[in-house]
Each structure stands twice: as C-alpha cells, then as structure tokens.
Amino acid sequence: ICLSYSSPLSHLLVSPPRFTRTPEDQTGVQGGVASFVCQAAGDPQPKIVWNKKGKKVSNQRFEVIEFDDGSGSVLRIQPLRTPRDEAIYECHASNSIGEMTASTRLAVLREDQLPPGFPTIDMGPQLKVVERSRTATMLCAASGNPDPEITWFKDFLPVNTSSNNGRIKQLRSGALQIEMSEESDQGKYECVATNSDGTRYSTPANLYVRVRRVPPRFSIPPADSEIMPGGNVNITCVAVGSPMPYVKWMLGAEDLTPEDDMPIGRNVLELTDVRQSNNYTCVAMSTLGVIEAVAQISVKALPKAPGTPVVTERTATSITLTWDSGNPEPVSYYIIQHRAKGSDDAYKEIDGIATTRYSVGGLSPYSHYDFRVAAVNTIGQGPSSDVVEARTAEQAPSSPPRQVRGRMLSTTTAIIHWDEPEEPNGQVVGYRVYYTSNSLLPVNQWEKQMVRSANFITIQGLTPNKTYYIRVLAFTSVGDGPLSQDLQIIAKTGVPSQPSEFKGEAKSETSILLSWVAPPQGGPDNQITGYELVYRRADDTEEKKVSFEPTTSYLLKNLKPFSAYVFQLAAKSKHGIGAYTNELSVDTPQTLPSAPPQDVACTSPSSTSILVSWAPPPPEFQNGVITGYTVQYSNTEGIKVSKRTERIPPESSSYLLENLQKWTEYGITIRAQTEAGEGPESLQLLVRTEEDGTFLNQVPVCFRMVPVTNIA
C-alpha cells in the first residue's frame, strides 16, 4: 500500500483528508468478486475517487457503492477477469484543504491456478424470511489453509457489527445473527472467506423482513356504565393491530387525550364526580386506519312521574288504564296504585307492569276508585302521576235484600218490609216479591209483584190461617240478584211473624248462644208473650222443644261436643204461635275425649320390649277428631322410673316399647287426644318382660288390671 499526502493550506476550523480505512490487497478467482473498501475523514468531508493505473475506473463490471454516511465507498469488481483486472487501484480522497491517495493491488487466478489452501465456501447463506422483531441467522461455513476469516457484506457494503449495540453480531461459527430484526435489515447478504492465499465470495442470498400489517381493532371495547350522581368510573379501551395503534378519548369534538401523550394500545379514561350523562368515544388509529367505539355513561336518577292515566275500558270488576311513560330513559317497570275513593287506607299496589296499558281487576261493581301510576328504574321508584277517578260498571246485585220482615194487617192482608241489599252492585231499579202457600212449588210458579221506588209492599187476598212463604229479590239495569231466604207468615191477625236475623254462636263445647231480632208487634193486643225453640242434632231425627219468656237471645246448654245442631225459632202471642224461622245450623267445637282407648292389650315379644295395642275410644266419647295417642309406662319394682312416648299418629293401633329391663314388671296406660288436648287414661295393665331364651310363641303373658281412673 502506498500513501501520498499534500496540503496547499491549513486553517484552524478545517482539516485535510485522513484515511479511516484503506483498501487491502486481494487475490481473487476468475469469475468471482473483489471488493475494496476505502473511508476517509476530514473537514470538509473528503470526496473519494477510484483510479486504475492513474485513471478513474469506468467499466460495467466496476461498481462504486457509497456509504450512507458519506464517509467513503466500496469498489466492487464482478465478475473478475484475468489478466485484464490485475492492476494497481488507487483510492483518492480530497477536500478543499488537501488530498490523499491509498493504493492496493489485485491479483486474479484461474481455478486451475488456485493453490491448495485457497478458501472454499462450504455453506453459503440461503434465502430467508423473518418477521420483524424476530431473530434472523444467515449461515456461512468456509474452509482453507490456513483457516479463512469470514466477513459479511450487505448490499455490497461491509457489515459493521460494532455500531448497533450488539443487535447484529457474527457468531464463532461465522454465521451472522441479527436480533430484533428491522425493515432496514432487509437486503442481499454475502459471506466472504479470506486467508493468505486469497478471497472467495459466497453466492448472495436475500433476507426479507416481513412486517405484519393488520388494521386496528378493539380487543376490549369500552363498556357502557350506569353510575350514581357524583360517582366515579374508569373506562378501559384496548386496541390491537400491526403496527400497534395509538388510542385516545374524545367527548364530542373535544380531545380528552393530549396529542403529545397518546398511549399505544391501551387507554383508561378516569372520570370523577360525574353529574351528567354523556357518550365518550374511544379512537384507535394507525397507518392502516382509524376506528371508533362509544361508551355511554348514564348518570342514574329516579324516573319522572308518568302522565295522568286515562280510563279506556271498564267492567263491573275491572278498570283498564293507559298512560304516557313521561320518561325519555327506559324504566324497569310501572306500579299502579289504587284505593276506594274517599278512603283513608293505604293505596294497594300492583307492580312489575312492563307496558303502559293495564287492566286492574278484582274491583267491586259500581264503585268509585282513585288510580295513579309510578315508574321504577334501577335507582328506585319515582313520584306518582296525578290521580284519575273511575267508577266500575253496574252488575246484578250479588246479595239479596236484607231484613225481610212482615206482619198481618188483617186476616187477608200482609205488609212486607225489607232493606237494600248489602251488595247492590249498581242502582237498584226495583224489587220483585214472590209469595205462595205451597212451598213445594218452584219459585217461578209463585205469585209475584213488582215494587219500584219503595222498600215495602202490601199483599192482599191471602187465605186466612194459611202459612205463606215470601221471598224478595232486587234488580238493577243489568239483571236480577239472588232471592232472600223464605219469610214465613201465618195469615192470622195478632200472630207474630218470623223473628229475623236468627244467628247462633258456640260459646263452649256444650253450649250455643242464639240471637235474633224480634218480629214487629202490631199494637198492645198483639204483644209477644214468648218464644218456642225447636232443635235437634243434625244426624238425629228426634226434636226437642224449649219455651222461654220474651227476649232476643238464649243460651242453650248441655249439648254434645263436636256436633252439628239445627235450630228453628217462632214467636208467640196470646193469639197463637207464629211462623218458624228457616233452619239454622251451628256446630259445637271439639273437646277432650271423655273415654280412654278401648281393648288395650300388651305382649312381650322379647326380653327388652313390650307391644301395646288398642282401639280408639267409642265414637260417642271421642268429642272430636282423634289426633294421636300417648303411652305412659313405668317399672313397678325397685326405683320407679316413669316414661312417656311422643305423640303416636292417630291411624296407629299398636306401639312397641323397646330398651326395657329384662324380667321386669311394667305398668302401662294409654290416652287419646284431640286438638283440645288429652282424654283420660286407660286402666293400667301390668306386664312382665321375658327372660332371655324364650320365644314369642312360647310367651305366657300374665297381666292384671288395676283401676286408676273412674269414668262417669
């Protein structure tokens, strides 16, 4: 290598060229490649010119490749020819301060001239495709004598493994390893083997760095939220893609994320003290597109009052209402509140109504009601609407006229009175009065008269001394109500009519209190002198009669518990006895059984058990429904220990006493019970358990009865 230097001038701020890398002599092979590297520094930056034999190189096989930083160039000759390419080559560096020249020699040998130790490429790099950020390894193996040194060229320029923080390094095997590959690593790579005999280049191989290009998409889109007024909420938005997108938040046209602080992939919007509902937009953007997703943040509040309900349909027992929601936001459901007009009771509520139309049922006919509606959302129930008043439609009366009563004005004329039905279900238009002396006839064959605008009627033309049966019904414009019970009246002056409102109530298990309203009395000559009561048990045909002084109640005693009794009552005057009331049925309640279980027996099936069996008390002494039995037992020898079983089911007729002592005498009694409690004990039975080794069919049971309870 020959260096020459000349400097026409010097300056404080400038410097002449100096070589930082000079070309080295090479011996190549015909048809192969030779590359000379030359780099220089100076101020201004020197210009590099390549000369061959003192003249600037110019040939299609000669290519000068500049370094990207302008520090120099590479003279590449391909393919080599011999002997024409053998020469001295010069790298001439010059700037305004001076110039320098570096010389190098190239020798070219034919294959048949190569010495035995000339380098050989045993394995050159191959085409490789790698994804960006992955590791790429370009393989190379060479042999020669001495062992050749391996270097690498990329796109005809030498690969510098010292200026990339170790990302690109040459392995001891000679392979070139590129970590965290980038798009700039893509290119044509050659492996070069050099020793003292010469230099050989591998066949070039391309490395492609593949960049995945995926438009942005939301992997976690922002979610809607409902919060309380003044609440806090974090909205997370995550987007992916290749390249990874930037993510920002917007409220309308306002950017909520600073432009210079826009995160990649994930952005969490933190909202505090939120008072107003808004839509927040998450925007993800990359070079491949822009996408948006909206999160609706709703500030919860109680719903507003719905519009005043409107009555659209009505029946005798229902009112159909419709109303306007009155709320722009969805509500969970509605509540209808209603009560009778003028009532101080709390409103009855019907909730869970999903529509704005509903029929409220179960109402009373021809009645006024107040209705109002409230809306409910996830926060709670809002205020109620204004009240609307509505009246149900009419219906036929559902109860007969009350307190139907009558008396004779003469032996052929009777006057009948009554009160309005308890449930008229509308405006009573009138009444029909049916009467007959033959109660076996169907009512539609009875005589009848119609009454309007009055609650009484005079019936004339009756047959003296006959008993008449009278029934009354009320009717509305919709239809007839039910008939009253028979009122019996005897066509005889001075004889009382039926007592009214005849009722009965059990005062104890053996007594019933009867009450009634006395029939009207027509003057001092027709005063009631007493009453006659006829009664019997419902399951018995034998009647009993009781007479007593004028009163409006009577306590009947000494009745049988748990029995149904039938009563009829008639009033008396000095002119005779009046008509009896209709039959009244009253039940006496249950009481304790008045007799113990029957046919109690005991056997000892083993040495530690006793089987007790029985039959229920006689029906006439049960005094109710038997609900169970209890057995009481105790040993009669040694220290006495008394025990009692739990309640035994009423359908049982036996019970096994277990875990008893062997060859021990026990006293056993049993009681029956109703809902009112336990009855008397049975006579005590004395039973002895058996010894070991005896069998059931060999058991001689000895027992004796000891009277412990007397039954009256």
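Because the structure is a prediction, the values reported are computed rather than measured. (Residues numbered from 1 in each chain as written. Predicted model: local features only at pLDDT ≥ 70, side-chain atom pairs only at ≥ 80, totals over all residues. Heavy atoms only, no water.)

### Focus on the state of the cysteines
Applying the stated rule across the entire model yields three disulfides. The residue that forms a disulfide with cysteine 38 is cysteine 91, at a sulfur-sulfur distance of 1.9 Å. Looking along the S-S bond of the cysteine 38-cysteine 91 disulfide, the torsion reads about -75 degrees, which is the left-handed sense. One end of the pair, cysteine 38, is in strand β4 (residues 34–43); the other, cysteine 91, is in strand β9 (residues 87–94), and 53 residues separate them in sequence. Pair check on accessibility: cysteine 38 and cysteine 91 agree, each one buried. Bridging cysteine 237 to cysteine 282, the disulfide has an S-S length of 2.0 Å. Disulfide cysteine 237-cysteine 282: torsion about the S-S bond near -85 degrees, hence left-handed. In this pair, cysteine 237 sits in strand β24 (residues 231–242) while cysteine 282 sits in strand β28 (residues 278–286), placing the two residues 45 residues apart along the sequence. Here the cysteine-cysteine linkages of the chain are recorded as 1-2, 3-4, 5-6, numbering only bonded cysteines and doing so in sequence order. (Disulfide = S-S within 2.5 Å. Helix = DSSP H or I, 4+ residues; strand = E, 2+ residues; numbered from the N terminus. Buried < 20%, exposed > 50% of the residue type's maximum accessible area, 1.4 Å probe, protein only.)

### Points about the pairing of strand β5 (residues 47–52)
Two strands pair when backbone bridges link them, and β5 and β9 are joined in this way by six bridges, in the antiparallel orientation. What sits directly across from lysine 47, in β9, is serine 94. Pairing of β5 with strand β6 (residues 55–56), which is carried by two bridges, proceeds in the antiparallel orientation. For lysine 52, the partnering residue across the bridge sits in β6 and is lysine 55. The turn linking β5 back onto β6 is made up of two residues, and lysine 53 within it adopts a positive phi angle of 55 degrees. (Pairing = 2+ DSSP bridges.)

### Looking at the environment of serine 242
Secondary-structure assignment places serine 242 in strand β24. In this structure the C-alpha to C-alpha distance between serine 242 and proline 125, which are 117 residues apart in sequence, comes to 29 Å.

### What about the packing of aromatic side chains?
Counted according to the given criterion, the structure contains 15 aromatic pairs. Among the aromatic residues, ring-to-ring pairing joins Phe502, Trp516, Tyr531, Phe548 and Tyr554 into one connected group. In this structure, arginine 372 packs its charged tip against the face of tyrosine 347, placed 4.0 Å from the ring centre. Directly above the aromatic system of phenylalanine 475 lies the positively charged group of arginine 432, at a separation of 5.0 Å from the ring centroid. (Phe/Tyr/Trp six-rings, centres within 6.5 Å; stacked < 30°, edge-to-face > 60°. Lys NZ or Arg CZ within 6 Å of the ring centre and 35° of its normal.)

### Remarks on the UniProt feature "domain: Fibronectin type-III" (unreviewed entry) in the chain
Within the UniProt annotation, "domain: Fibronectin type-III" (unreviewed entry) is assigned to residues 305–395, 400–496, 498–591 and 596–692. Along residues 305–395 the backbone is 0% helical and 48% strand, and the end-to-end C-alpha distance reaches 34 Å. The straight-line gap between the two end C-alpha atoms of residues 400–496 is 23 Å; of that span, 0% is helix and 43% is strand. (UniProt positions renumbered as here; feature names shortened; annotations may be inferred.)

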